[in-house]
Amino acid sequence: MTTPVVAIAYHSGFGHTAVLAEAVRTGAAEAGATVHLINVAEITDAQWELLDASDAIVFGSPTYMGTASGAFHVFAEATSKRWFTRAWQDKIAAGFTNSASKSGDKLHTLQFFTVLAAQHGMHWVGLGAMPGWNSSTSSENDINRLGFFLGAGAQTDNDQGPEGVHKADIATAELLGRRVAEQTRIYVAGRASA
């Protein structure tokens, strides 16, 4: 069985997104992937090489002012060297984000990630879960409680630290990690047999 290599390239301003990155890592590892966690605000040359060697890259950032954080944007611009050489062509990509509001323009951050992935020629993997918490019999503790399809969206009250990240959002991020690992395994095995 193929062991996919998944890298999580994330920035976390106050620790909330780091909690989600750890959850994505947990989900991917439980699905049998080798996982590298990379904080893009302090990325090293060795970590750039890990990204280049990975089968999948999951992008993560808080949503600030309707988009990914400034630190993540700096990282995204620095990927242009990889864009020019097509180093990430045909890798799997996915994404997750957090903000204080239920919507908080998180969709725009996920769309930013998809455009970044598309420019690199990557293949996007969405969350693959139906929305939760959208009927009178559902609960805020449902998986995908905020109803995102493009990636994992999380909401943490702005007066809470990392311990305030909602358990359902952590579970949703774990689901994303599992899905990325599983889809990457299928993709890598298919390429090897072609």
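Look up a bit, the structure's there.
Think of each chain on its own: its residues are numbered from 1, step by step along the sequence as written. In view of the model being predicted, local features appear only for residues whose pLDDT reaches at least 70, and side-chain atom pairs are presented and counted only at 80 or more, with totals across whole chains, interfaces and linings using the full set of residues. Hydrogens and water molecules were not included; the side-chain quantities draw on all heavy atoms of the structure.

## Here we look at helix α6 (residues 167-193)
Because the α-helix completes a turn every 3.6 residues, residues three or four places apart line up on one side.
Part 1 of the argument: Segments assigned H or I by DSSP are reported as helices when at least four residues long, segments assigned E as strands when at least two residues long, and all are numbered from the N terminus. The span expected for a helix works out to 1.5 Å for each residue beyond the first. In this model, α6 (27 residues) spans 39 Å end to end at C-alpha, consistent with the 39 Å of a helix rising 1.5 Å per residue.
Part 2 of the argument: Each residue's exposure class comes from its accessible area (1.4 Å probe, protein chains only) as a fraction of the maximum for that residue type: buried when under 20%, exposed when over 50%, partly exposed otherwise. Restricting attention to buried positions, one finds in α6 the residues A168, D169, I170, T172, A173, L176, G177, V180, A181, T184, R185 and V188.
Part 3 of the argument: Residue contacts are defined here by distance: any two heavy atoms, one from each residue, within 4.5 Å place the two residues in contact. Here the buried face of α6 lies against β1 (5-10), α1 (16-30), β3 (56-64), β5 (92-99) and β7 (152-155).

## Details of the nonpolar core
Part 1 of the argument: Counting 27 residues, the largest nonpolar core has I8, V24, V58, F96, L176 and V180 as its most contacted members.
Part 2 of the argument: Those elements that provide at least two residues to this core are β1, α1, β3, β5, β7 and α6.
Part 3 of the argument: Counting 22 residues, the second-largest nonpolar core is a separate cluster that includes I57, F75, L110 and L116. Take the buried Ala, Val, Leu, Ile, Met, Phe, Trp, Tyr and Cys residues and link them wherever side-chain atoms come within 4.5 Å; each set so joined is a nonpolar core.

## Considering the pairing of β5
Regular strands have side chains that alternate between both faces of the sheet.
Part 1 of the argument: β5 sits mainly inside the fold: 8 of its 8 residues count as buried.
Part 2 of the argument: Neither face of β5 is open: one carries I92, A94, F96 and N98, the other A93, G95, T97 and S99, and all of them are buried.
Part 3 of the argument: Here, strands pair whenever DSSP counts at least two bridges between them. In the sheet, β3 pairs with β5 via 7 bridges, with the strands oriented parallel. The partner of F59 across the bridge, within β5, is G95.
Part 4 of the argument: Pairing of β5 with strand β6 (residues 123-124) involves 2 bridges; the strand directions are parallel. Looking at the pairing, I92 lines up with H123 of β6.

## Examining unusual backbone geometry
Part 1 of the argument: A positive phi angle, close to 50°, is found at W133, a residue other than glycine.
Part 2 of the argument: Position of W133 relative to the elements: it lies in the loop between β6 and β7.
Part 3 of the argument: With relative accessibility at 35%, the residue W133 sits in the partly exposed group.
Part 4 of the argument: Located in the positive-phi region is N144, a residue other than glycine, with phi close to 55°.
Part 5 of the argument: Position of N144 among the secondary structure elements: in the loop between β6 and β7.

## Points about the pattern of salt bridges
Part 1 of the argument: Throughout this description, the term salt bridge denotes a Lys or Arg side-chain nitrogen within 4 Å of a carboxyl oxygen of Asp or Glu. Summed over all chains, the structure comprises 4 salt bridges.
Part 2 of the argument: Residues R82 and D52 are paired through a salt bridge, measuring 2.9 Å at the closest nitrogen-oxygen approach. Taken as a pair, R82 in helix α4 (residues 80-85) and D52 in helix α2 (residues 45-53) lie far apart in primary sequence, 30 residues in all.

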